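# Fold and contact review
So you can see what is in the structure, the chains are spelled out below.
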Amino acid sequence: MSDQILMKGNEAVGEAAIIAGCRHYFAYPITPQNEIPAYMAKRLPEVGGTFLQAESELAAINMVFGASAAGARAMTSSSSPGISLKQEGISYIAGAELPCVIVDMMRGGPGLGNIAGSQSDYFQATRGGGNGDYRVLVIAPASVQELADMTVKAFDLADHYSIPVMILGDGFLGQMSEPFTLPEPSGKTFDKPWALTGAKGRKPNIIASMRLTPEDLLEKHNLELQKTYQEIEANEVMYESYLLDDAEYVIVAYGTSARISRSAIGELRKEGIKVGLFRPLTLWPYPYKELKAVSDRAKKVLTVEMSLGQMVEDVRLAVQNDSKVDFYGRTGGMLPVSEEIIRKVRSYGG
Amino acid sequence: MSDQILMKGNEAVGEAAIIAGCRHYFAYPITPQNEIPAYMAKRLPEVGGTFLQAESELAAINMVFGASAAGARAMTSSSSPGISLKQEGISYIAGAELPCVIVDMMRGGPGLGNIAGSQSDYFQATRGGGNGDYRVLVIAPASVQELADMTVKAFDLADHYSIPVMILGDGFLGQMSEPFTLPEPSGKTFDKPWALTGAKGRKPNIIASMRLTPEDLLEKHNLELQKTYQEIEANEVMYESYLLDDAEYVIVAYGTSARISRSAIGELRKEGIKVGLFRPLTLWPYPYKELKAVSDRAKKVLTVEMSLGQMVEDVRLAVQNDSKVDFYGRTGGMLPVSEEIIRKVRSYGG
Amino acid sequence: MHEEIVVAGFGGQGVIMAGKLLCLAAMKEGKHVSHIPSYGAEMRGGTANCSVVISDDPIGSPVVPHPTIVVAMNGPSMRKFEPRLKKGGLLLYNSSLIDFKPERDDIEVIAVKANDIAEDEGSKMAANMAAIGRLQAAKPDLVSLDNIIDALKIAVSKRNQKHNEVNIKVLKKANSSTT
Amino acid sequence: MHEEIVVAGFGGQGVIMAGKLLCLAAMKEGKHVSHIPSYGAEMRGGTANCSVVISDDPIGSPVVPHPTIVVAMNGPSMRKFEPRLKKGGLLLYNSSLIDFKPERDDIEVIAVKANDIAEDEGSKMAANMAAIGRLQAAKPDLVSLDNIIDALKIAVSKRNQKHNEVNIKVLKKANSSTT
Amino acid sequence: MEAKAADFKYVYDRPKSLVDVPTHYCPGCGHGIVHKILAEVIDELGIRDDTIVVAPVGCSVLLYNYIDVDGCEAAHGRAPAVATGLKRVHKDKVVISYQGDGDLLAIGTGEAIHAANRGENFTTIFMNNAIYGMTGGQMAPTTMENQVTKTTPYGRDTADVGFPIRGCELVNTLEAPVFIERCAVYDVKHVLKTKRAIKKGLQNQIEGKGYSFIEVLSMCPTNWGISPVKSAEWVKEVMEPYYKLGNFRDL
Amino acid sequence: MEAKAADFKYVYDRPKSLVDVPTHYCPGCGHGIVHKILAEVIDELGIRDDTIVVAPVGCSVLLYNYIDVDGCEAAHGRAPAVATGLKRVHKDKVVISYQGDGDLLAIGTGEAIHAANRGENFTTIFMNNAIYGMTGGQMAPTTMENQVTKTTPYGRDTADVGFPIRGCELVNTLEAPVFIERCAVYDVKHVLKTKRAIKKGLQNQIEGKGYSFIEVLSMCPTNWGISPVKSAEWVKEVMEPYYKLGNFRDL
Amino acid sequence: MRGKPIVDVERCKGCMLCNAVCPENIMGIGERFNRQGLAYAVCVNEEACTTCRSCAIICPESAIRIIKYVEG
Amino acid sequence: MRGKPIVDVERCKGCMLCNAVCPENIMGIGERFNRQGLAYAVCVNEEACTTCRSCAIICPESAIRIIKYVEG
Ligand SMILES: Cc1ncc(C[n+]2csc(CCOP(=O)(O)OP(=O)(O)O)c2C)c(N)n1
Ligand SMILES: Cc1ncc(C[n+]2csc(CCOP(=O)(O)OP(=O)(O)O)c2C)c(N)n1
Ligand code: SF4
Ligand code: SF4
Ligand code: SF4
Ligand code: SF4
Ligand code: SF4
Ligand code: SF4
Ligand SMILES: [Mg+2]
Ligand SMILES: [Mg+2]
C-alpha cells in the first residue's frame, strides 16, 4: 500500500481529471466542492492547462460547451443549486452531442438548504433537469478511490459516446479524505472530426442543437440520440454486488449511503441474517435487469437514500412488485443511521 | 353557447390568471408562449396590475419569488429552455414554501431544439429539475377551456398548499384557438400571515429556504414539506376516464396527445374494439391507484406521448407489470399520428 | 361533417384572419372548431398559414398534416400545400397571383381571381374575403354565408370594422361568382 | 480496532492537521482510515473540528455523531463534544486553555496541558502535537508513535517542515508525560 | 442591349466566404448587411480557414449557414461564454461572437460584461435593432423611449422599465477591452465604416491584443412595422441621436 | 471605582432595530459594522415597521436574523429580482437589497444592472470585500490585481482574468439611478459617511425618487489572511486607490 | 453606359434599400414574383448607372453584383 | 474621569478595531475567554477615555456602549 496517498475526494477528482488529460476546467465556487476549483487553480497552470473561474454556473457550463466544441476534454463541477443553474447548458450539450464531464457534489436542498452532503438530486441527475428527450450518463462513486477511477473513466465514456457524463457525489464524499491510489491514464484516444478547429481543407463544421423543421430534423436527431442511449444501456451498466449470493434481504444504495449500508450489513451478518448490498455504480443507465434478477430471489428490497425517496422509483421499476420494496431515507443533509438500517432489516425477519 | 369566445390557449391563460386575481406577472419572451406576455402587457395595466418583462428567466422566477413573498398572487410563463433556467428559482420557491403559478408551453428539445409543441419535459416538471426533495403540483390541460379553468384552480391550489403549481401545456395548446367559456373566479381567499408586509405590530416575518444546521432544521423542514405533499397526493389527484368501463385496452395520455388518442379511440370503437382513455390531469400527484385499478382489468396499456418515453415510467410504476405496458411516442415537435395509435391497438387484438 | 383546412399565403394577405373567420362562423352553428397558425420554425420571412378544423365531433389534433381543403393565396403556398392535400380534397387557389396550374388530377380544383374580385369591389386588402366567399359556395356544409358575415363583427378588430362593408361586398361577390 | 475520533478546537490550533496526522500514521499500519472536516453550516467563526475513523474494517460513514475519542483543544469544543462522546469513551482535553472540568462520569478523562508542554519545548504552535502525543500513550493500539513521527514528513507542508524537529520533541514529551 | 461576357468585369461581387444560399431574413434586415461585410473582411484578412463564429439564438442564429467557416450555436445570452471556451482551447483561431441586443444586453448581460472584462481575445459583433426580432417583436433593453412593441403596447415607459441601455458605454467602464466602437448600416458610408470597425476588431484579435466590441445599429423592419427604407431612416433619426456613433476606445 | 447607576447615561447604545444576538461573523468583519449603521438609520427614519430586507446567499445571508424587520433570502445573485418583486407589490414599503461583491458583480451582474436600469425604487447596499467570503475566499470580480485567493493561488493575473470591476462606475452609465456613492468602513469618519449615504439612499426611496446604489468597501480578515486592524489598513491602502470613494450621482 | 447592377432575382427580397442609396434612384420594383413569391428589384435606367456600387454595398441579401463594361 | 466604554464580553470577538480607532489607544485584549472561546477587549485606562465613541462606532459586533458620568 506504499503508493497510497491521502486526499480529499474533491482533490482526487481534480487530480484524476488531469491524469485523464483534461486541461480545461471552468467552474464557479460553491460549497461543498470548493476544493476542486482550488485544486485546479493550482495544478492546471503547472501542466499547461486552463483554469477559469466563471462569472456564474451558467457561464461555466457554456464555457465547457465551447471548449468541448473545440475538441478539448473539458470539465466543470458544482453542487446542487449550481447544478440547477446548469440544466439549460447540459441540455444544449446533450443536444449538440458534445462530450464533457460534470461533477455534482450534492448538498441539502431544496433551495439554499445547507451544505451537508445529500442525495436529493437523484431525479435531477438521472431524469434530466433540463428540457428535451436527452440523457446524461450518471456515475455514483462511493469512495475516494472510486471518485478518482471513475473520473478517468468518465472522460472516456464522454468521448466515446459524445455525451455529458456526470459524477454524482455528495458533500461528504467530496470533503472526506481516504487513502487511494492514483489512477492510470486509460491511454485511449478519440478522433473528433466534428470539432471546431477552423475549416482548413474541409467544409465547415457546425455544432448546434437547433433543428428547425420538426419533420426533417429534430425527430431524426432525437431518434439518433436514442440509439446512442440504447447502446449505453446495453453496454455501460455498472453495479456492485456484496454478499448477494444467498441474500434474502437486499439493500439497494449508492454512494455514501451504500457505505453506511455496508457497515450495517456487517453487523446483520454477524447475527446470521442473510442480507446483501446491491450498489448501482451507474444511475443512468440503471441496472434494472440485474436488480430484477437479484430481487426475484429476495424476500425484501430495502432502498437506503439520503433523500426522501428518489432512487426508490428506479428500484420499483426494476422489482415490479411494490410489496417487496421498502425505503429508508434521511434528508436535508442527514446521514442514514446504521442502527436504523439494522432495525429495519431485523424487522423483516419475522 | 352564446358566451363562448375564441381565443388562443396562451391568451386564455392570461385572461384566466386575471380572473383568478393575479396582478403580478413577470416573464421573459420565448416562443411558443409569447402571446401570454403580450396579452398581459396589454391587459394588466387595464386592471391596475403589474406586467414586467424581466431581463431573463432567472430574473422572472425570482421576481415571482419576491411578489409571492410579499403576499401577492404571482405568475410566470415560459417554454422548455426557459423553464430549465428557472429550476433553481423553483427549488427556492418550493423550499421557502411560497405559492405561485408557472406556465410551461413545452417545445421540442433538447437544447434549442425547435418551437413546435412537445411533451419531452415531463420528467423536468414532475421530478423536479431543481435541487432537493421538493415537489411541484403539475396540471396538464388538454383544451383551451381546461387551460383557462385550470389556471384559476392553480392559483387556489398554490395558495392552499403554499407551493408552486405548474400548468404544463405545449406549443400546440398554447398556439391553438378554440371556443371556450371564461371561467368564474373561485371566490376563495387565503390568509397569508407569513407575508412580508413590514413588521408593524408583530415580530418580523422571514422567508427563507436555508436551514443551516442539518440536524435541527433542514430535515425537519423537509419532513414538513413531505407532509404537505402527502396531503396533496391524497386530495388533489385529477384524471379523466373515457370509455373505460368495458375497456380491454387502455390508452394513457395527457394534453395534446390525449386529444389525438381520443380521436383514435373513436375510430377503434367503430371497429368494435374495446378501448378507452385514461387521462391524468395532474401529473404530480399522479393517479397511480386509479390507473392501477383500470389497468388490472385491461389486457394492455398503451402510453402515448410527444416524447421518447417519460410519463410511461409513471404508467409502469402504476401498472407494475411491464409486459402489459406499451409505448408510442413522437419527439422533436412531432405529433402522434392517429392512424399509428389505431394500428398499435388493433395489433393487440390478435 | 369534418373538414381540415389550410389557408396559406404571404404575410399581409390576411390568411390567419380568414381562418379565424371560418371558425367564428362555425361556432355559431354549434360546430367544434380549432385554429392554429403555422409557427413551425423560428423563421423569418414572408409566408404564413393556418390550420382550421371544423367538425361535428370534438377535435383531436389542431394540426393538419393532410388537409381536406387548401386555400392557396400565392404561388409558394400552392407549391407547398398542393402535395399535402388529401386525395379528393379541394384546392382553391388565387389565380390573380398564381400564374401556373395545379399538378394533381386526384383533387378538386377551384381557381378564384381573389385579388381582382377584391379590387373590383373596392379593397385591395380583401382578397382573403374573396377566397372565403368562394369557398363557402363550394362547401356550403362548412358554414353558412350569413354566419360568415355575422362573424365579421367579432373577427375584425374595432379599428378595421369600417372595412366590413367592403368585406361583405367581396364575400358576396365571390360567393356568387363561379370563376 | 475501530475508533471514531473527533479533534476540535479553534481555527489555528491545527486540529485538522492533527487528524490528518493520525490518518497518515494509521495508513502506514495498513489500517482503514477516513478524515472529514466539519463544514456543517456555511458559518463563519472560530471553531474547527474534524472526524477521524481508524479501523481494521472498511469504513462506512466518515461522519462521527458519537465519537469514541474526543480531543478538545479549547473550552467551547469540550462543551460541544463531551455530551456526544460514547459511554466509556475517552475525553482528552487541553487543560492549558480549559479551566473547567468535564461533567460526565461515564467516560475516561485525560487532561493534558498541551499549550504548556508545547511552549516548554519551544513552539507555541505545537499544542496539537502535544495532544496527539498524549493520545498515543493512552491508546497505543491506535497507531504507534514511530509512525506518527514518520507521518509528519507527509502531513506537514514543505514550508513548515522546519518545525518538525520541535513537533517531534513535543510529541515525545507529551507521550511520556502522564498529566 | 446586353454586352457580351468578354466585354465587362465585375467591380462588385459577393464575397467568397459568403455561402451562396438565400437568407431567411426579412426584406431589409440589417443582419444580411453585416453578414456580408463580415464575409468580406474574412476574405480580405484571408482567415476563412481559421475563423470560428458563435451565434446565440436570435434571428441570426443560423449565421453558420451563411458564412463559410466553422460555426457554433449558443444558448440565448451565452455566446461570450462559449466563445471563451473555444478561444481558450484554440488561442490561434479567430473567434467571433455575433449577438443580438436582447441576447447581449438582457439575458446575457453577465456573460457579455465578464468576457469583456477578462479581455478575452475574441471579437464581439453586437447587433442592436432595438427589439427582439426572432420572437416577434418584444421590448429589448435597447428599445427606444415610447417605442411600441409586443410587450410595450402603450410604448416603452421609461418611468416603469427604465431607459434604453447603451452597450458601448457600459463596456467602456471596463479596463480590458482594446477596441470599442458603435456603427450603423443605414447607408453606404456607415456600412463601410462598420466594415472597417469589424476589420479592426479582427485584426486586434489576430495580433493578440485582446477584446474588441463593435456595436451595430441595425434595422428590423418587420417588428418595427415600417418599410425597410423607413427603417433605415428611423435608425438615423431616432436611434442614432441616443446611441451616439463613434469610436470609444482604440488601444 | 465604578460609579453608581444613577450617576451615568449612555451616550452610545446599540440601535433598537439591531436584534440583540451575537453575529456569526468573523472578528473584524465589515458586515457587522454596516448592519449596525443600517439599524441606526432604520431607527432614525422610524421605518422599522415598513422595511423589508433582502439578502442573497453570502456571509450576510442571515441579515434577517440581525435587523428587526421583515426579511427575505434570495438565491445567489438574485436579490435585485426578488426586491423588484417585493417592491412592485408593496410600493409604500422600504425595500433594501444587501449584496456581496461576488453576488452583485459576478453571478448577479444581469439582475443588478437591470434593476438599476429600470430605476426600481429600492436601495442597494453593495458590500465589496474583494473576495467570496462565505465560500472560503475565492476570487471575486472585485479582487485586486495580484491578490492571492483560493482560486488565484498565484495572485490575480489581470492578463488572464481581467481587472477588478468597479460597480459604481458601471451603474453610473445607466440613466435611471438617482444616487450612487462609494463608501468605506475602515475608520470612524468613513463609517459615519457610509451611514449618511445609506440614509440618503433610504430617504430617496421613501420620497419615491428611485434607485440608490451604495457601495461599501469592507473587510474580510479571515479570507484575506490578515488581522482585522491590518485589514482596515488594506482597504485604505490597496482598495481605496483603485476604488475611488465619493459620490457619483445625487439627483 | 458604363455598367450596371445585376440583380439575382431569387435572392432579392424587394426591400428597395438599393434604390434608397442609389444616387441616381434607378432601382425599382418589378411586376413579377420570384420563387419565394416576392417582387424583386430591377434597374429601371441602366444608362444612368455610374457603377458607384452603393446599391450592392447596402443590399442585405447580397443580391446585387455590379459590372463595368470594358473600354471600347 | 468623564466616562468609559462598556464591552459586552459575550459579543466581543477581540478584533481590536476599537483600539485602532481609539484616539487614546486604551483598548486592549484581555487574558480571559468568553463563552465562544475568544479573548475579548477591555479598556486598559478608563481615566483617559474622552467618551468620543469612536470605538463603539467602529465595533463590528456592536459590543461597546459608552457611558458618560453625570456631573457631580
Ligand atoms: C433561454 C431562452 N429564453 C428565451 C428564448 C427565446 N428567444 C429566442 S431569440 C430571443 C431574443 C432575440 O432578440 P435579439 O437577441 O435582440 O436578436 P434579434 O432576433 O433581434 O436579432 C429570445 C428571447 C430562448 N431561445 N432561450
Ligand atoms: C447558485 C449558487 N452558486 C454558488 C453558491 C455558493 N456561494 C454562496 S455565497 C457565494 C459568494 C459569496 O461572496 P460574496 O457575494 O462576495 O459575499 P461575501 O460572503 O463575501 O460577503 C457563493 C459563490 C450558491 N450558494 N449558489
Ligand atoms: S425579424 Fe427583424 S431582425 Fe429578424 S430577420 Fe426579420 S427584420 Fe431581421
Ligand atoms: S468570511 Fe469574511 S466576510 Fe465572511 S464573516 Fe468572515 S470576515 Fe466577514
Ligand atoms: S437591396 Fe437587394 S434585396 Fe433589397 S431590393 Fe435591392 S436588390 Fe433586392
Ligand atoms: S451602382 Fe450606383 S448608380 Fe448604379 S444602380 Fe447601383 S447605386 Fe445606382
Ligand atoms: S471592536 Fe468590538 S468586537 Fe472588536 S475588540 Fe473591540 S469591542 Fe471587541
Ligand atoms: S470612547 Fe473614545 S476614547 Fe473612549 S475608549 Fe472609546 S475610542 Fe477610546
Ligand atoms: Mg434584437
Ligand atoms: Mg464578498
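That block above? That's the structure.
Contacts between chain F and chain B engage 34 residues on the former and 35 residues on the latter. Between chain F and chain B the total buried area reaches about 2,600 Å² when both faces are included, carbon and sulfur atoms providing 62% of it. Taken together, the connections running from chain F to chain B amount to two salt bridges. Between Arg202 of chain B and Asp70 of chain F there is a salt bridge, with its nearest N and O atoms 2.7 Å apart. For the pair chain F and chain B, the interface holds 17 residue pairs in polar contact (both at pLDDT 80 or more).

Before going further, it helps to examine the sheet that holds strand β11 (residues 249-252) of chain A. In a beta sheet, neighbouring strands are held together by backbone hydrogen bonds and run either parallel or antiparallel to one another. Residues and elements named next belong to chain A. Ordered by their spatial adjacency, five strands build an open sheet running β10-β12-β11-β14-β15, and the pairing between neighbours is mixed. Strands at the two margins of the open sheet, each flanked by one partner only, are β10 (239-242) and β15 (325-329). Taking the axes of each pair of neighbouring strands and ignoring which way they run, one obtains an average angle of 20 degrees across the sheet. In the packing of helix α11 (residues 288-296) onto the sheet, the strands contacted are β10, β11, β12 (275-280) and β14 (300-305), and the crossing angle to β12 comes to about 170 degrees. Packing against the sheet, helix α12 (residues 311-319) makes contact with β11, β12, β14 and β15, and its axis sits at approximately 160 degrees to β14.

Residue and element names in this part refer to chain E. All of the protein donors around the magnesium ion (ligand 9) are Asp101 (OD), Asn129 (OD1) and Ile131 (O); their distances to the metal are 2.0 to 2.2 Å. As a motif over one chain, the donors of the magnesium ion (ligand 9) read D-x27-N-x1-I. With Asp101 in helix α4 (residues 101-107) and Ile131 in the loop between β5 (123-128) and α6 (158-161), this pair connects stretches of sequence that are 30 residues apart. You'll find Asp101 and Ile131 in the same group, each marked buried.

This brings us to the coordination of the magnesium ion (ligand 10). Here the magnesium ion (ligand 10) is held by Asp101 of chain F (OD), Asn129 of chain F (OD1) and Ile131 of chain F (O), and the distances to it run 2.0 to 2.2 Å. The sequence pattern formed by the donor residues of the magnesium ion (ligand 10) is D-x27-N-x1-I.

All right, on to the side chain of Thr84 of chain F then. Mapped onto the elements, Thr84 of chain F comes out in helix α3 (residues 79-89). According to the relative accessible area criterion, Thr84 of chain F is buried, its value standing at 0%. Within polar-contact distance, the side chain of Thr84 of chain F engages the backbone oxygen of Pro80 of chain F at 2.7 Å. Excluding anything up to four places from it in sequence, Thr84 of chain F contacts Leu52 and Met63 of chain B together with Ala115, Arg118, Glu120 and Phe122 of chain F.

This part takes up the interface of chain A and chain B. Contacts between the two partners involve 59 residues from chain A and, on the opposite side, 59 residues from chain B. Buried area between chain A and chain B, summed over both chains or domains, comes out near 4,900 Å², and the portion from carbon and sulfur atoms is 55%. One can count four salt bridges joining chain A with chain B. The interface formed by chain A and chain B contains 32 residue pairs in polar contact (both at pLDDT 80 or more). Looking at the side of chain A that touches chain B, the elements with two or more residues in it are α4 (80-85), α5 (87-95), α6 (122-127), α9 (214-235) and α12 of chain A. Top element by residues in the side of chain A that touches chain B is α9 of chain A. It accounts for eight residues. Counted by class, the side of chain A that touches chain B contains 19 nonpolar, 28 polar and 12 charged residues.

Here chain A sits on chain B after a turn of 180 degrees about the axis and a move of 0.0 Å along it, with an RMSD of 0.0 Å. The two molecules are tied by a two-fold rotation axis, judged by turn and shift. Distance from the rotation axis, computed per C-alpha, reaches its smallest value in chain A at Gly129 of chain A: 1.7 Å. Both copies contact each other with a shared surface, as 100% of the interface residues of chain A are interface residues in chain B too.

All right, on to the sheet that holds strand β1 (residues 3-7) of chain H then. Strand order in the open sheet formed by three strands is β1(F)-β4(H)-β1(H), and the pairing between neighbours is antiparallel. A single partner strand is all that each edge strand has here, and the edge strands are β1 (8-12) of chain F together with β1 of chain H. Strand-to-strand twist across the sheet, computed as the mean angle between neighbouring axes with direction ignored, equals 35 degrees. Note: β1 of chain H against strand β4 (residues 64-69) of chain H, five bridges, orientation antiparallel. The residue of β4 of chain H that forms the bridge with Pro5 of chain H is Ile66 of chain H.

Analysis parameters
Residues numbered from 1 in each chain as written. Chains lettered and ligands numbered in written order. Predicted model: local features only at pLDDT ≥ 70, side-chain atom pairs only at ≥ 80, totals over all residues. Heavy atoms only, no water. Contact = heavy atoms within 4.5 Å. Buried area = accessible area lost by both parts, 1.4 Å probe. Salt bridge = Lys/Arg side-chain N within 4 Å of Asp/Glu carboxyl O. Polar contact = N/O pair within 3.5 Å; in protein donor to acceptor, adjacent residues only side chain to side chain. Pairing = 2+ DSSP bridges. Helix = DSSP H or I, 4+ residues; strand = E, 2+ residues; numbered from the N terminus. Axes fitted to C-alpha atoms, helices over the stretch in contact; angles between N-to-C directions. Donors = N, O, S within 2.8 Å, 3.2 Å for Na, K, Ca; no water. Buried < 20%, exposed > 50% of the residue type's maximum accessible area, 1.4 Å probe, protein only. Nonpolar A, V, L, I, M, F, W, Y, C, P; charged D, E, K, R; others polar. Least-squares fit on C-alpha atoms with pLDDT ≥ 70 in both.

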